[in-house]
Structures are given as C-alpha cells and as structure tokens.
Protein chains: 2
Amino acid sequence: MQDNTRTEIASLGEFGLIEHLTKNNDTTNAGTILSIGDDAAVIDQFGRQSVISTDLLLEGIHFDLMYTPLKHLGYKAVAVNLSDIYAMMATPTHITLALGVSNKFSVEALEEFYEGVYAACEKFNVDLIGGDTSSSKTGFVISVTAIGEVAPDKYVTRSGAKVNDLICVSGDLGGAYLGLQLLEREKRIFLENPGIQPDLENQKYLVGRILKPEPRADITEWLQEAGIMPTSMIDISDGLSSELLHICKSSDVGCILYEEKIPIHDDARKMASEFQLGAVAAALSGGEDYELLFTIKQEDYEKVACNSNISIIGYVTEKKEGCNLLTTGGNKHKLTAAGWTAV
Amino acid sequence: MQDNTRTEIASLGEFGLIEHLTKNNDTTNAGTILSIGDDAAVIDQFGRQSVISTDLLLEGIHFDLMYTPLKHLGYKAVAVNLSDIYAMMATPTHITLALGVSNKFSVEALEEFYEGVYAACEKFNVDLIGGDTSSSKTGFVISVTAIGEVAPDKYVTRSGAKVNDLICVSGDLGGAYLGLQLLEREKRIFLENPGIQPDLENQKYLVGRILKPEPRADITEWLQEAGIMPTSMIDISDGLSSELLHICKSSDVGCILYEEKIPIHDDARKMASEFQLGAVAAALSGGEDYELLFTIKQEDYEKVACNSNISIIGYVTEKKEGCNLLTTGGNKHKLTAAGWTAV
C-alpha cells in the first residue's frame with residue numbers, strides 16, 4: 001500500500017473511524033429506514049420492518065482460546081449479536097454464521113462450538129439459516145449476522161432521549177470485566193506454574209458474566225408487556241460511560257448519572273477490591289456486560305421502579321449541562337468514554 | 001482444546017464439514033423457508049420473501065494485498081456476495097459489512113477499500129446499512145452479508161433440475177483462475193528481482209476477471225424479462241465441475257457436459273497454453289468466475305439460444321447415469337469436484 005498521506009487508525013478511534021468512513025454513505029433504497037450508527041439497521045420489507053446487526057469476533061482480540069470453552073464461545077457469538085437486536089426492542093428470528101477456521105481445530109472442536117451456537121438459537125428461538133466456512137491462516141474468525149422483526153416504527157434507537165427522561169439499566173455492571181481480569185490472572189499463574197490448576201469454583205458468577213453473557217430478552221419482553229416504550233436504548237458492550245455518551249450524543253442531550261445508583265453485584269465489589277480496582281470504574285468502562293441501557297418518560301417511573309431487574313441510575317438534562325457523574329461523596333465529574341475526568 | 005477423538009477438518013473437506021456441523025440444525029421459525037445448503041437462505045417476512053447470504057474473505061486465503069488494490073478488494077467483497085443473491089433469482093437491496101483491520105492499515109487505505117464498497121453498492125443499487133469494525137492482530141478480515149428480495153416462491157434453488165433440462169452458463173469460464181496464476185507469477189518474479197516491474201497491460205481481461213468480478217445481474221434481469229424461470233441455479237465460485245455437482249446432488253439427477261461447449265475466452269486459452277495448463281481444466285476447477293450456472297426446461301431452448309451471453313453446455317440425465325463430461329475427442333469422463341477422472 002502506497003499512501004502519500006498516512007493517518008493512523010488509532011488517531012480516530014473505533015467510533016471515529018466508522019463515522020469517517022461512512023460519512024458519505026448515501027442510502028438510496030426507499031426501504032432503508034435506519035442505516036449505520038445504531039445497534040442495528042432497520043429496513044422496510046413489504047410494510048413491516050426487519051432489524052439487522054452484524055458482529056465480528058476475532059481470536060486474540062475478542063477471545064482467548066486458552067480459557068474460553070468453545071461451547072461457551074459459540075453461545076456468546078450468537079448472544080452478543082442478539083443483544084443488539086433486543087436493544088432495538090425487536091425480536092430476533094434468524095442468524096447467519098461465517099467462520100474462518102485454522103487446521104489446528106479438529107472437527108470435534110468445531111462440533112463443540114456449534115453446540116453452543118445451537119443452544120443459543122434454541123434458547124432465543126432463532127434459526128441458523130446460512131453461513132460460510134473458510135480455512136484461516138490467522139486464528140479463529142467468527143462473524144454473525146442477526147435478523148429480527150419489529151412492528152412498523154416500534155423500534156427504539158439511540159436518538160430519542162428527551163430532557164427529564166429517566167436513565168435505566170438492567171441487571172448489574174462491571175462483572176464481565178472483573179471476570180476477565182480474573183481469567184487473565186489465572187492464565188498468567190498457570191503459564192508460570194503449569195502445576196497449579198486455577199480454582200474458579202467460587203467465582204462462577206464473574207466467570208459466567210464474561211464467558212456466557214445472556215442478552216436481556218426478558219427485559220424487552222417485560223417492557224412490551226408493561227406498555228413502556230423506552231425513548232432510547234442501547235446495549236452495553238463497551239461500558240456504561242461509553243454507551244451513555246452514545247445516547248447523549250445521538251439524542252443531543254446531557255445527563256446526570258448517580259454513582260450510588262449504579263448496580264454492582266457483591267462478587268464484583270469483592271473482586272474489584274482484590275484487584276485494587278474501583279468497582280464503579282469497572283462498571284463505567286469495563287464493558288461486555290450486555291445489559292440494556294435505556295431512557296423512559298417520567299410517567300413510566302412507577303412501573304419501572306417496581307421491577308427489581310431494572311435500576312434507575314440518573315436522568316437526562318439539556319445538552320449544555322454536559323454529561324456528568326455525581327459521586328457518592330457529592331462531587332461532580334465529567335463522564336468520558338474511558339470512565340470520567342474531574343471537572 | 002482437549003479432544004479424546006480427533007478428526008482432521010481436511011478429512012471432511014469444506015462442504016462435508018458444513019454438512020456435518022449443520023446436519024442437526026432444526027429450524028423452528030415458521031418464517032424459515034430455505035435454510036443452509038444453497039447460495040442463500042430464504043425467509044418469509046410478512047408475506048413476501050427475503051434472501052440472505054454471508055461470505056467471509058480472509059487475507060492470505062482469499063486475497064493477497066501485494067497485488068490486490070484495496071478499491072478492487074472492496075468492490076469484490078460486495079460483488080461476490082451479491083452474486084449469491086442473483087443466483088437465487090432475487091434482487092439484492094442491502095448489505096452489512098464487518099471488518100477486522102490491523103494497525104498497518106492507514107485511514108487512507110481503508111478509505112480506498114470503502115470507495116470500492118460504495119462503487120459496488122451504487123452500481124447494483126444496494127445500501128450499506130450496518131457493520132462492525134474491529135482491530136485485528138491477524139490480517140485483514142472482511143465479512144459481508146447481503147439481503148435481497150424476491151416475489152413469493154419465485155426464488156430458484158439448486159435442487160429443481162429435472163431430467164432433460166438444458167444446462168446453461170453465462171459469460172466465459174477459467175479466466176479468473178488464469179488471471180490469478182498470472183498475478184502469482186508476476187509476484188514471484190518481482191520478489192526475486194524487485195527491479196522488474198510487472199507488465200500486465202496486455203492482460204487486462206484476465207487480471208480484471210480475478211480482481212474485479214462482476215455479478216451477473218444482467219442475466220437474472222434478462223431471464224425475468226424473457227419470462228424464463230430456471231429450474232435450478234448456482235453461481236460459480238468454486239469451478240464449473242464443483243457447482244454442477246452441487247446442482248446434480250441437490251436435484252438428485254445426473255448430467256452430460258460437452259467439453260466443446262464450455263465457453264472460454266481467447267485470452268484464457270492463450271494464457272492456459274503459456275502456463276501449459278488445459279483451458280478446460282481451468283474452467284472446470286479454477287473457480288472465482290462468478291458466472292451463473294443454471295438449468296432450463298427444453299421449451300425455453302430457443303429463447304436462450306439467441307442470447308450470446310449464455311451458452312448451453314449440456315443436459316440433465318437420470319441420476320443413475322452419473323455426472324459425465326463428453327470430451328471433444330468423444331470420450332466420456334466422470335466429473336469430480338476437482339475436474340474429472342477417467343471412467
């Protein structure tokens with residue numbers, strides 16, 4: 001490749017890069033309702049709407065085969081993609097799966113991987129309908145595309161949050177990141193002392209959060225049954241801060257986030273203190289929790305408040321007030337994608 | 001990975017592997033019309049039908065960045081996927097694109113790649129609606145999913161060929177494979193003598209066939225206008241033999257293929273003789289031509305015979321007669337995925 005000018009990818013960052021490359025992307029089909037820039041795209045098909053999302057998982061970037069059982073990996077590859085469909089308040093129906101596989105894999109190893117894929121398909125009532133399998137010289141490559149359906153214009157984007165809306169999150173946060181730290185530590189210990197077997201028996205919760213995330217189908221289902229239409233929604237793949245900033249940017253608003261309201265599991269708090277990390281920092285910037293972050297109108301407060309799987313963690317403000325974290329100690333910090341900085 | 005039994009992937013081959021891994025794939029959604037095993041899947045969406053196909057392109061397996069301009073690669077990544085949609089007699093409408101990119105790429109290099117993607121989208125009136133961009137430690141990874149539409153039950157599979165149907169192919173074959181041999185030769189020469197610049201000026205046709213394949217939208221359009229519904233169809237990504245065997249296996253029939261009828265471009269014949277390769281062998285097992293192979297009823301013979309972009313190359317027989325090549329010299333050979341073997 002010969003470039004007269006060379007701009008490093010790192011100088012733009014992942015989101016900047018996508019924005020840069022797709023800024024001139026004109027969509028011309030009348031059926032294109034929502035294009036690049038949300039959890040999934042929406043296309044009109046014959047009067048009803050389909051929701052589509054694609055993810056790529058690469059060995060050495062997204063997973064380490066040393067501590068990732070292949071069945072779990074197959075399950076997770078499907079789960080994280082379905083999470084994007086649920087984050088549109090849509091129902092996934094189908095997936096395609098493309099794999100790049102090196103010769104070091106046996107057929108039995110791939111069977112294990114597919115067991116996980118099928119387990120996720122069965123659990124979430126989704127059909128595997130196609131794919132591609134190729135040899136790979138460069139590690140295991142997994143690409144999943146999920147397709148879902150939604151009643152016309154009933155999908156939820158990142159861009160509908162309004163001033164005074166309440167910010168909600170499902171489940172608890174930071175566990176996946178701490179689970180990953182734990183696995184990485186045990187890997188280092190094992191590599192240094194192959195005789196010592198890692199003891200993860202007491203850490204099933206944290207290890208499960210990173211190895212077997214569950215998309216929150218139950219939350220979107222409950223919202224639908226309760227008649228609550230969130231004003232915006234996103235799934236938490238990159239950490240609470242980053243996702244909340246996405247919603248605020250897309251919706252042209254600011255926010256106040258209460259540190260004390262951020263839901264954190266006891267096991268995560270204990271592990272964070274063992275690692276001398278802040279549990280809140282893990283929740284804000286850890287990522288991979290695959291919980292749903294969404295905003296609701298104030299009038300839906302009472303309905304949501306009685307659901308123990310959902311925490312109300314802040315509210316939406318005017319854009320000019322910025323995006324801020326109110327700490328338990330009463331200080332105000334500016335939220336950044338990596339967590340926060342003092343203001 | 002610990003396996004008690006270890007079966008090598010190579011022992012099954014690509015198609016055997018997919019068959020093995022998906023043999024227990026039950027589809028449960030009422031909307032799933034056609035699942036794994038054709039060029040694309042078909043799902044029912046609200047009374048009309050969508051066609052979906054996914055492909056993975058990996059550096060070092062599917063392309064060599066040393067002689068593949070990134071703009072061409074972007075174009076080809078889209079084109080080969082659209083080819084699968086056309087091979088269902090459907091019209092592509094949308095694509096998603098997932099990329100794994102190493103740090104050695106500059107933003108400008110990626111811009112070039114996207115230029116090719118957008119050029120293909122514009123030419124075939126398809127919208128890029130979503131995707132994923134990730135860093136990659138292991139080469140450039142490209143995954144494209146294409147979505148198309150088709151009137152209810154008007155898609156064409158691999159499995160509808162009937163005895164006495166005529167076998168047709170668009171364009172000419174073997175050129176892409178010979179173009180690839182040429183590029184590989186020039187690469188070796190360049191690596192040995194970096195002072196010698198490759199002269200490919202006179203080989204635009206063959207180089208174009210491998211670097212910038214064109215999906216045959218024109219053929220499916222013409223068939224529709226002419227009121228011809230092929231009984232089966234597949235696109236030629238792996239070579240004529242392999243694809244014809246797919247049709248015969250799926251349709252439970254045999255075939256006779258006439259060597260002398262296989263369309264081969266003059267440039268391909270010349271290059272084949274320069275490489276001391278058979279031009280017919282290149283057509284039968286070379287692959288990457290992205291032409292359409294299809295069967296039609298005898299009654300459509302006259303309409304098709306007058307289209308100079310389509311060659312009639314054989315006919316469908318009873319399964320028990322097997323799949324055979326009749327050579328120009330009058331000999332009968334058994335077709336195999338890799339070309340043919342004497343019978």
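It should be emphasised that the depicted structure is a prediction, and the values quoted were computed from it without experimental measurement. Sequence order sets the numbering: in each chain, residues are counted from 1 along the sequence as written. Each chain gets a letter, beginning with A, and each ligand a number, beginning with 1, in the order they are written. It should be noted that, the model being predicted, local features are given only for residues of pLDDT at least 70 and side-chain atom pairs only at 80 or more, the latter also being counted only at that level, while totals for whole chains, interfaces and linings use all residues. Side-chain calculation: all heavy atoms of the structure are included, whereas hydrogens and water are not.

### Observations concerning the overall build of chain A
Broken down by element type, chain A carries 10 helices and 14 strands. C-alpha atoms of chain A, sized along the principal axes, occupy 55 × 55 × 55 Å. When the 343 residues of chain A are sorted by exposure, 56% land in the buried category. The contact criterion used is simple: two residues touch if any of their non-hydrogen atoms lie within 4.5 Å. The contacts of chain A with a sequence gap of at least 6 include a subset with a gap of at least 24, amounting to 81%. Per element, the accessible surface of chain A, about 14,200 Å² overall, is 47% carbon and sulfur. Only four residue types enter the charge count, namely Lys and Arg as positive and Asp and Glu as negative; His and the chain termini do not. We put the charge of a Lys on NZ, of an Arg on CZ, of an Asp on CG and of a Glu on CD. Computing the positive centroid from 28 side-chain charges and the negative centroid from 49, chain A places the two 4 Å apart. A helix here means a DSSP run of H or I that spans at least four residues, while a strand means a run of E at least two residues long, and both kinds are numbered starting from the N terminus. Burial classes: relative accessible area under 20% of the type maximum marks a residue as buried, over 50% as exposed, and values in between as partly exposed (1.4 Å probe, protein chains only). The Shrake-Rupley method, run with a 1.4 Å probe, gives the accessible areas here. Residue values count only the displayed protein chains as cover.

### Some remarks on the domain arrangement of chain A
Residues and elements named next belong to chain A. Start and end positions for the domains come from either an automated domain assignment or a database one. If you check the domain split of chain A, you get domain 1 (9-150) and domain 2 (166-342). Between the C-alpha centres of domain 1 and domain 2 there is a distance of 22 Å. Counting from both sides, the interface comprises 22 residues of domain 1 and, opposite them, 28 residues of domain 2. Once two parts are put together, the accessible area they lose, assessed with a 1.4 Å probe and summed over both, is termed the buried area. Buried surface at the junction of domain 1 and domain 2, summed over both partners, amounts to about 2,200 Å²; 62% is from carbon and sulfur atoms.

### Comments concerning the pairing of strand E5 (residues 127-135) of chain B
All names here are of chain B. Here E5 lies mainly inside the structure; seven of its nine residues are buried. Of the strand pairs in this sheet, strand E4 (residues 91-101) and E5 are connected by eight bridges, and their pairing is parallel. From the neighbouring strand, Ile95 faces E5, where its bridge partner is Leu128. Once you follow E4 into helix H3 (residues 107-123) and on to E5, the crossover reads as right-handed. The rule for pairing is simple: two strands pair if DSSP sees at least two bridges between them. By definition, the crossover connecting two strands over a helix is right-handed if that path, from the first strand to the second, turns clockwise as seen with the strands pointing away from the viewer.

### What to know about the packing of helix H1 (residues 13-22) of chain A against H3(B)
Close contact between H1(A) and H3(B) brings their axes to 10 Å; oriented N to C, the two are set at 45°. With respect to their mutual orientation, H1(A) and H3(B) come out oblique. Considering only the axes of H1(A) and H3(B), their crossing is right-handed. Only Val107(B), Leu110(B), Glu111(B), Tyr114(B) and Tyr118(B) of H3(B) make contact with H1(A), whose side of the interface consists of Leu17(A), His20(A), Leu21(A) and Thr22(A). Note on residue classes: Ala, Val, Leu, Ile, Met, Phe, Trp, Tyr, Cys and Pro are nonpolar, Asp, Glu, Lys and Arg are charged, and everything else, Gly too, is polar. Its residues assigned to classes, the contact of H1(A) with H3(B) comprises six nonpolar, two polar and one charged. A fitted line through C-alpha atoms serves as each axis, taken over the contacting stretch for helices, and the angle formed by two N-to-C directions is quoted from 0 to 180°. Should an angle fall under 35 degrees it is called roughly parallel, over 145 degrees roughly antiparallel, and 65 to 115 degrees roughly perpendicular, with every other angle called oblique. Crossings are sorted by hand: turned counterclockwise from the far helix by less than a right angle, the near helix makes the crossing left-handed, and turned clockwise it makes it right-handed.

### Some remarks on the pattern of salt bridges
All names here are of chain B. Here, a salt bridge means any Lys or Arg side-chain nitrogen found within 4 Å of an Asp or Glu carboxyl oxygen. Scanning all chains against the criterion turns up 30 salt bridges over all chains. Put simply, Lys71 and Glu115 hold a salt bridge, and the shortest N to O gap is 3.7 Å. Note that Lys71 is positioned in helix H2 (residues 70-86) and Glu115 in helix H3, a separation of 44 residues in sequence. According to the relative accessible area criterion, Lys71 is partly exposed, its value standing at 39%.

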